[in-house]
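Coordinates in review
Listed below, chain by chain, are the residues.
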Amino acid sequence: MSGYLLEMKGIAKRFDGVPALDGIDLAIRPGECIGLCGENGAGKSTLMKVLSAVYPHGTWDGEILLDGQPLRAQSIRDTEDAGIIIIHQELMLVPELTVAENIFLGNEPTLPGGRLNYPAMNRRAEEILRELKLPDVNVVLPVKNYGGGHQQLIEIGKALNKKARLLILDEPSASLTAAEIEVLLEIIRDLKAKGVACVYISHKLEEVAAICDTIVVIRDGKHIATTPMQQMNVDRIIAQMCGREMNQLYPTLPHEIGEVVMEARHITCWDPDQPLRKKVDDVSFQLRRGEILGIAGLVGAGRTELVTAIYGAYEGAYEGEVWLEGQRVNTSTPLKSIDAGFALVPEDRKHHGIVRDLSVGENITLSVLERYSRLSRIDGNLEAREIGEQIKRLALKTASPGLPITALSGGNQQKAVLAKMLLTGPKVLILDEPTRGVDVGAKFEIYKLMLELAAQGISIIMVSSELAEVLGVSDRVLVMGEGKLRGDFVNQGLTQEMVLAAAIGQGNNHG
Ligand SMILES: Nc1ncnc2c1ncn2[C@@H]1O[C@H](COP(=O)(O)OP(=O)(O)OP(=O)(O)O)[C@@H](O)[C@H]1O
Ligand SMILES: [Mg+2]
């Protein structure tokens, strides 16, 4: 006996002839947590889709052994029966179904006679949510009533409801708060103690270092190294991922900050579900030319609501004024906002950023199509050239611009959304969680791009939950808490502690 729960040997997978995985080996012991690391597009999700039979046996080369026996799974059903449970990078919840229905999707308990046993389902769902420290979630409400972080935990709850011997978590924490991540790591520790093995994928490498026993790094579909975590640290993981040392996480580029360009006055947003509740409460601020303004705050502080209202994309009632270059402008819809000179890269790429049925290139030029019309013809050459430039500028990894956008790795889809908004030539670029799911090297590229845009006189508003990132790239930092503006700091000598103190409503809030 090898002592391995599972072995993948010489796994190779091609998409239309292009290799995505090239001879990868991976072996997992019971109770072991493997950190699977690699840059965007390295092949992490693809490898896990092979393992969980999203890509059935026969659509790739190599072999998988479970308990030393060949596993030739034809579908997710087969791998789930074998105890291999995957939590996908993109959420798979059905928004209209209740929380409990989602948790039991495909596994619903039935009563004699075949009707669904709702009481049993709801009871078990409540238990799972207590484990996930989400006791305030109502299991009989539709999932769509809850925000991104809660949905991600509900997705994890769905996996906990199945009997796992091997749990695969593909970017499970991208939209979780620090406290929620702690709960998740605690649950994984419990599972490990019970002998459940895990594969953990995350671009938040501190998390990987905290929970994993073994680090497997892949690059361009090839295995680079397998190392016990005791011999690793975050910097070494990064070096293996990129094939070089990265001794600087934040680029610097001097940029001049000019006059006030944009002003938001008395923005107030009401909760679409509870019309008396304010999500944003009378927030006003100014933005200067070439300035990078970070907006920090705890989840639920109203940051996304504030920027989507400014951009005319807020789904509930809101009021307030937006001024650009001394004029009041109409930003009541995203199209009017784009006309006025705004662009927004949204937090939720899957629902608001990409159009799933279009190609990479079509997604990139979606907002500026009229630019290529020449007397009712489309100037395909110009369009292709601009797409090519954007792909190069953002180092977007795609085999061809004609590929469906859904074929891109998560981080590269994010770059495509950014490319689309940059093509509109904005004066004010709003980025909501711009580096979610993006690898360290690409993060650096995005920050560099932000600084270059600022140096060209574009003003940037960045909402981010990663305080280190807010402090790493912003010229000024606004802090929100419970819908109100709680701090406005020049980013000089500013610390995470000062920002956090402001976010929870303590401390001296103007620097
Ligand atoms: N359905 C598909 N069709 C064509 N190419 C694909 C498809 N799925 C993945 N690829 C390609 O395979 C490569 C690996 O993608 P994968 O999604 O596994 O990367 P990843 O390591 O998970 O990246 P990320 O960190 O961004 O999530 C990428 O170059 C991607 O474009
Ligand atoms: Mg992935």
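This one's a predicted model, so the numbers in the text were calculated from it and none came from an experiment.

We now examine the packing of helix α5 (residues 148-160) against helix α6 (residues 178-193). Two numbers describe how α5 lies on α6: the axes approach to 11 Å, and their chain directions differ by 10 degrees. The orientation of α5 relative to α6 falls into the category roughly parallel. Contact residues: Gly149, His150, Leu153, Ile156 and Leu160 in α5; Glu180, Leu184, Ile187 and Leu191 in α6. Here the contact of α5 with α6 is built from residues that sort into 6 nonpolar, 2 polar and 1 charged.

Moving on, we come to the UniProt feature "domain: ABC transporter" (unreviewed entry) in the chain. Annotation from UniProt places "domain: ABC transporter" (unreviewed entry) at residues 6-245 and 262-507. From the first C-alpha to the last, residues 6-245 spans 32 Å; its make-up is 32% helix and 25% strand.

Near ligand 1, the surroundings consist of 18 residues, among which Gly41, Lys44, Thr46, His203 and Ser409 are the closest. Between ligand 1 and His203, the relevant distance is 2.8 Å, taken from an oxygen atom to a side-chain nitrogen or oxygen of the residue. Coverage of ligand 1 by the protein chains reaches 85% of its 640 Å² of free accessible surface. Going through the elements one at a time, α1 (44-51) and α14 (410-423) are the ones with two or more residues in the shell around ligand 1. Considering every element that reaches the shell around ligand 1, the biggest residue donor is α1, with 3 residues. Of the residues in the shell around ligand 1, the class split is 5 nonpolar, 10 polar and 3 charged.

Okay, the sheet that holds strand β4 (residues 61-66) next. With respect to topology, 4 strands assemble into an open sheet ordered β2-β1-β4-β5, the strand pairing being antiparallel. Edge strands, defined here as strands with exactly one partner in the open sheet, are β2 (18-28) and β5 (69-70). Judged from the 2 bridges that link them, β4 and β5 form a sheet pairing that is antiparallel. Bridging across to β5, Leu66 finds its partner in Gln69. Relative to the sheet, α1 contacts β1 (6-15), β2 and β4, its axis offset from that of β1 by approximately 115 degrees.

Criteria and cut-off values
Residues numbered from 1 in each chain as written. Chains lettered and ligands numbered in written order. Predicted model: local features only at pLDDT ≥ 70, side-chain atom pairs only at ≥ 80, totals over all residues. Heavy atoms only, no water. Axes fitted to C-alpha atoms, helices over the stretch in contact; angles between N-to-C directions. Helix = DSSP H or I, 4+ residues; strand = E, 2+ residues; numbered from the N terminus. Parallel < 35°, antiparallel > 145°, perpendicular 65-115°, else oblique. Contact = heavy atoms within 4.5 Å. Nonpolar A, V, L, I, M, F, W, Y, C, P; charged D, E, K, R; others polar. UniProt positions renumbered as here; feature names shortened; annotations may be inferred. Near = heavy atom within 4 Å. Polar contact = N/O pair within 3.5 Å; in protein donor to acceptor, adjacent residues only side chain to side chain. Areas by Shrake-Rupley, 256 points an atom, 1.4 Å probe, with all protein chains shown as cover. Pairing = 2+ DSSP bridges.

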